[in-house]
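Take a look at the letters that make up each chain.
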Amino acid sequence: SGAPSPLPLFSQVLKLGHKMSKKALIQEAAKDFVSFVNKSPSPFHVVQECRVRLEAAGFQELKEKDRWNVKPNGRYFVINNFSTIVAFAVGGKYKPGNGYSIVGAHTDSPCFRVKPCSCRTSVGYIGVGVEPYGGGIWHTWFDRDLKLAGRVILKQGGLVHRLVHIEEPILNIPNLCIHLDRDMHYKFAPNKETHMIPVLATTLQQQLEEAAEEAPQDSPACNHHPLLISLLIKQLGCNPADIMDFELCLADTQPARIGGALEEFIFAPRIDNLMNCYTGLQGMIKSMDSLEGDSNVRVLALFDNEEVGSKSVQGADSSTLEFYFVQEFRVLTQVLLLKSLFRSRLC
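A quick note: this is a predicted structure, and the numbers were derived from the prediction, not measured.

Draft legend 1. Structural view of the packing of aromatic side chains. The tally for this structure, following the rule as stated, stands at 10 aromatic pairs. Consider the rings of Trp68 and Phe88, whose centres lie 6.0 Å apart with planes at 25°: the pair is stacked. Note that Trp68 is positioned in the loop between strand 1 (60-62) and strand 2 (75-80) and Phe88 in strand 3 (residues 84-90), a separation of 20 residues in sequence. Between Phe142 and Phe188, the ring centres sit 5.3 Å apart and the planes meet at 65°, which makes this aromatic pair edge-to-face. You can see Phe142 sitting in the loop between strand 6 (125-133) and strand 7 (146-156) and its partner Phe188 sitting in the loop between strand 8 (158-171) and strand 9 (199-202), a full 46 residues away along the chain. Exposure remark for Phe142: the relative accessible area of 8% places this residue in the buried category.

This is the structure we're talking about:
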């Protein structure tokens, strides 16, 4: 009759539907990654987010000081310094001397960190002394709305670790106007010690406001401006004297997002190395259906301090992983441990 066959059209619709479903799956994964990044402004928050997801997937937390009772088909994780996390799942067919299938990444990213003594006041401005951490592209930090995130050690009976995330734009590293730096278009080489001090407030406004509570003279909090300490105690619900120490990272308040006209890009900070943390974590969790038939131990090792050489106790160049391997199966002799390492693979 000359009428077009409906079959080619039907097959095109099927292909289009397949493409749409595939794109929807990619979008879903991308949105989950964006959520992961936004919940992880510091290494300590990365580890906390990993802990939440692992526990939801049936993984059990082990403590370094305890004796471990690890069994085939078991799922476990252990945390070091609250900034390194190692998760492992034992194959159902595992025997001592079999190998480890290891995926490694790091929880830290280049940023500015608050110095141990951060008080900085000059020409009417209250600043916060910071130091560059890792290999950052530092000129991109100018004129951004910055927040603080990390962990605070409190003395409340014993020493307590608490996460803190001040999401408001409390800091800014301002550029000079063009009139004061005519060469900036030809040479932009700021001194990270003197030119990149974030501004917290003005001394004039501080005098007009109600005075922040002062820390006792012998308190570690005295090394920082009372205004900064007041922001921390407001979120933590503690007193200045309770603060023993902290590790705080500066981060951009602009959240990670999916962008581009066709929504094909991820605009996000800390992709180095949160992308590998996320994909490794998802790979570990989603592979559990096949664990029973595996003869190896699956390991996800997310270390801290890669950006500064990995030589800390919680870094990849420490003996942390080896200690976990020995702790994991106490029946492992030195010979069996070497056999395991020879039969292992690292990504």
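Draft legend 2. Region of the structure containing unusual backbone geometry. For the bond from Asp272 to Asn273, the omega torsion is 15°, close enough to zero to count as cis. Along the chain, Asn273 falls in helix 5 (residues 271-286). The residue Phe82 is not glycine, and still its phi comes out positive at about 65°. In this fold, Phe82 is placed in the loop between strand 2 and strand 3. According to the relative accessible area criterion, Phe82 is partly exposed, its value standing at 34%. The phi torsion at Val123 lies on the positive side, around 40°, for a residue other than glycine. Examined against the element boundaries, Val123 turns out to sit in the loop between strand 5 (111-122) and strand 6.

Draft legend 3. A look at empty space enclosed by the protein. In this structure the tally under the stated criterion is 1 cavity of 30 Å³ or more. Forming the boundary of the largest cavity are Lys115, Arg120, Gly129, Val130, Lys192, Glu193, Met196 and Ile197. Looking at the lining of the largest cavity, the elements that each hand over two or more residues are strand 5 and strand 6.

Draft legend 4. Highlighting helix 5. In this model, helix 5 (16 residues) spans 21 Å end to end at C-alpha, consistent with the 22 Å of a helix rising 1.5 Å per residue. Turning to helix 5, its buried residues number three or more, namely Asn273, Leu274, Cys277, Tyr278, Gly280, Leu281, Gln282 and Met284.

Draft legend 5. Region of the structure containing the confidence of the model for the protein. Predicted confidence across the protein gives a mean pLDDT of 89, with 88% of residues reaching 70 or more. In the model of the protein, helix 7 (residues 334-342) stands out as the element of lowest mean pLDDT, 61, in contrast to helix 2 (residues 43-56), which has the highest, 98.

Draft legend 6. Representation of the nonpolar core within the structure. Within the largest apolar cluster, 35 residues are counted, with the highest numbers of intra-cluster contacts made by Trp141, Ile243 and Leu250. Sequence-distant contacts of Leu250, defined by excluding residues within four places in its chain, comprise Cys111, Phe112, Val114, Val130, Trp141, Leu146, Lys147, Leu148, Leu171 and Pro198. Residues Ile79, Ala89, Tyr278 and Met284 belong to the second largest nonpolar core, which totals 26 residues.

Draft legend 7. Summary view of the pattern of salt bridges. Taken as a whole, this structure holds 10 salt bridges when the rule is applied. The partner of Asp32 in a salt bridge is Arg53, with the nearest N and O atoms 2.9 Å apart. Pair noted here: Asp32 is in helix 1 (residues 6-38) and Arg53 is in helix 2, with a separation of 21 residues, a long-range link. Residue classification places Arg53 among the buried positions, given a relative accessible area of 14%. We note a salt bridge from Arg151 to Glu247, for which the minimum N-O separation is 2.9 Å. Of this pair, Arg151 sits in strand 7 while Glu247 sits in strand 10 (residues 243-252), and the two are 96 residues apart along the sequence. A residue is classified by how much of its surface remains accessible, and Glu247, at 30% relative accessible area, is partly exposed.

Draft legend 8. Main features of the side chain of Asp304. Assignment of secondary structure puts Asp304 in the loop between strand 13 (297-303) and helix 6 (320-328). For the buried Asp304, which has no salt bridge, the nearest side chain bearing the opposite charge is Arg113, at an N-O separation of 4.6 Å. Only 2.8 Å separates the side chain of Asp304 from the side chain of Ser83, close enough to count as a polar contact. Asp304 has contacts with Pro43, Asn81, Ser83, Thr84, Thr107, Asp108, Tyr133, Gln314, Gly315 and Ala316, leaving out every residue within four places of it along the chain.

Draft legend 9. Seen up close, the pairing of strand 5. Here strand 5 runs beside strand 6; their pairing, made up of 8 bridges, is antiparallel. Bridge pairing in strand 6 places Arg120 opposite Gly127. In textbook terms, the turn of a hairpin is the stretch between consecutive antiparallel strands, and for strand 5 and strand 6 this stretch comprises 2 residues, one of which, Val123, has a positive phi near 40°.

Draft legend 10. Expanded view of the environment of Ser101. Topologically, Ser101 is positioned in strand 4 (residues 100-106). Given the relative accessible area of 14%, Ser101 is considered buried. Considering only alpha carbons, one finds Ser101 and Val299, 198 residues apart in sequence, at a separation of 5.9 Å. Separated by 3.3 Å, the side chains of Ser101 and Asn296 make a polar contact.

Draft legend 11. Broad picture of the environment of Pro96. Looking at the secondary structure, you find Pro96 in the loop between strand 3 and strand 4. By relative accessible area, Pro96 is classed as partly exposed at 41%. Taking the C-alpha atoms as reference, Pro96 lies 9.9 Å from Ser295; in sequence the two are 199 residues apart.

Rules used throughout
Residues numbered from 1 in each chain as written. Predicted model: local features only at pLDDT ≥ 70, side-chain atom pairs only at ≥ 80, totals over all residues. Heavy atoms only, no water. Phe/Tyr/Trp six-rings, centres within 6.5 Å; stacked < 30°, edge-to-face > 60°. Helix = DSSP H or I, 4+ residues; strand = E, 2+ residues; numbered from the N terminus. Buried < 20%, exposed > 50% of the residue type's maximum accessible area, 1.4 Å probe, protein only. 1 Å grid on protein atoms, 1.4 Å probe; cavity = no way out; pocket = protein on both sides within 12 Å on 5 of 7 lines; lining within 4 Å. Points joined across faces, edges and corners; volume = space filled by probe spheres on them. Expected span 1.5 Å × (residues − 1). pLDDT = per-residue confidence, 0-100. Core = buried A, V, L, I, M, F, W, Y, C linked by side-chain atoms within 4.5 Å. Contact = heavy atoms within 4.5 Å. Salt bridge = Lys/Arg side-chain N within 4 Å of Asp/Glu carboxyl O. Lys, Arg positive; Asp, Glu negative; His and termini not counted. Polar contact = N/O pair within 3.5 Å; in protein donor to acceptor, adjacent residues only side chain to side chain. Pairing = 2+ DSSP bridges.

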